[in-house]
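Each chain, letter by letter, is given below.
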Amino acid sequence: MANQNSDEVKVPGKIALVTGAGRGIGRACALALAEAGADIALGLKNIHSDSGLIKEIEALGRKALPLQMDVSRMDEIKSAVLKAAEYFGRIDILINNAGIAPENYIENVTEADFDYTLDVNLKGTFFTSQEAGRLMIRQQFGRIINISSQAGFIALPTESVYCMTKAGISHLTKCFAVEWAKYNITVNAVAPTFIYTPGTEDYLANEETKKMVLSKIVLGRIGDPKDVANAVLFLASPAAALITGTTLMIDGGWTAS
Ligand code: NAD
């Protein structure tokens, strides 16, 4: 009998909304889902900044819809989800990827920085899930994958507010999973270690920092966005149908040691 497993890590004909899709991990997730058969709604902080992603998705034979979607703005969350639903008719998969990680020592964090980091990372994830989830409830189907971080499980100096938001994302993942299981919606998260993206470029350009990071990742390498996208695709696919409420560590063993 032929092995069917590889077919189960595909998402043919599904519609996926990816927030912060323009670069880094979001971009890799959008491409992985498109390669696996999904059409993609691209949530962009600035709708004109897709950096060629639309063309790349179309070259894979899939549709791409750019959406103005600053996740710190409730009006843009609502209008983006509405436009995606109008254009595609449904949203099957939501990837809550948009996130920021401003560095600061605890004694210097301002209220404005604190509020904005929570607005983007935590409030944005909650209300984007709520808005897309309302549609998924009507569909009686949904797959939500939140991008948490190993920083939600360990304390990284200068990243206190970020760490708190990522811990919050992993916990809200459980809350949503439990409430929405009855609607056939699964809600999971992934928690990457350091990944090479535009967002970490400056941090990892410092040789001392990079050496410290490599000393903690027991598999001995910094991640590629594809390492995260592969796990996200798995969680969005039928292969993960009985998985909900979990956070999958993609940390090369950092938090295990
Ligand atoms: P990045 O900085 O390279 O890209 C972040 C994306 O989010 C950009 O496209 C940006 O436009 C978008 N964004 C920022 N604020 C937004 C807003 N208000 N509304 C909509 N979009 C917004 O980051 P990345 O490294 O690709 O990280 C993506 C996600 O992965 C983040 O949630 C981050 O916390 C998480 N993460 C990253 C790493 C890493 O090492 N790169 C590790 C763990 C978790």
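Rules of the game
Residues numbered from 1 in each chain as written. Predicted model: local features only at pLDDT ≥ 70, side-chain atom pairs only at ≥ 80, totals over all residues. Heavy atoms only, no water. Pairing = 2+ DSSP bridges. Helix = DSSP H or I, 4+ residues; strand = E, 2+ residues; numbered from the N terminus. Axes fitted to C-alpha atoms, helices over the stretch in contact; angles between N-to-C directions. Phe/Tyr/Trp six-rings, centres within 6.5 Å; stacked < 30°, edge-to-face > 60°. Buried < 20%, exposed > 50% of the residue type's maximum accessible area, 1.4 Å probe, protein only.

Ordered by their spatial adjacency, seven strands build an open sheet running S3-S2-S1-S4-S5-S6-S7, and the pairing between neighbours is parallel. Strand pairing shows two members of the sheet lacking a second neighbour, strand S3 (64-68) and strand S7 (247-250), which therefore form its edges. Across this sheet, the average inter-strand angle for adjacent strands is 20°, counted without regard to direction. Summarising the sheet, strand S1 (residues 15-18) and strand S4 (residues 93-96) pair through three bridges and their orientation is parallel. Paired with Leu-17 across the bridge in S4 is Leu-94.

A separate point is the packing of aromatic side chains. Considering all chains together, one arrives at six aromatic pairs under this definition. Judged by centre distance (5.1 Å) and plane angle (80°), the ring pair of Phe-176 and Trp-180 falls under edge-to-face. Placement of both Phe-176 and Trp-180 in helix H6 (residues 160-180) is noted, with a separation of four residues, approximately one turn of the helix. Comparing Phe-176 with Trp-180 shows no difference in burial state: the two are buried. The interplanar angle of 5° and the centroid separation of 5.2 Å between the aromatic rings of Phe-194 and Tyr-203 together place this pair among those described as stacked. Here Phe-194 falls in the buried class, since its relative accessible area comes to 13%. For Tyr-203, a relative accessible area of 26% corresponds to the partly exposed category. Within the aromatic cluster, the residues linked to one another by ring pairs are Phe-126, Phe-127, Phe-176 and Trp-180.

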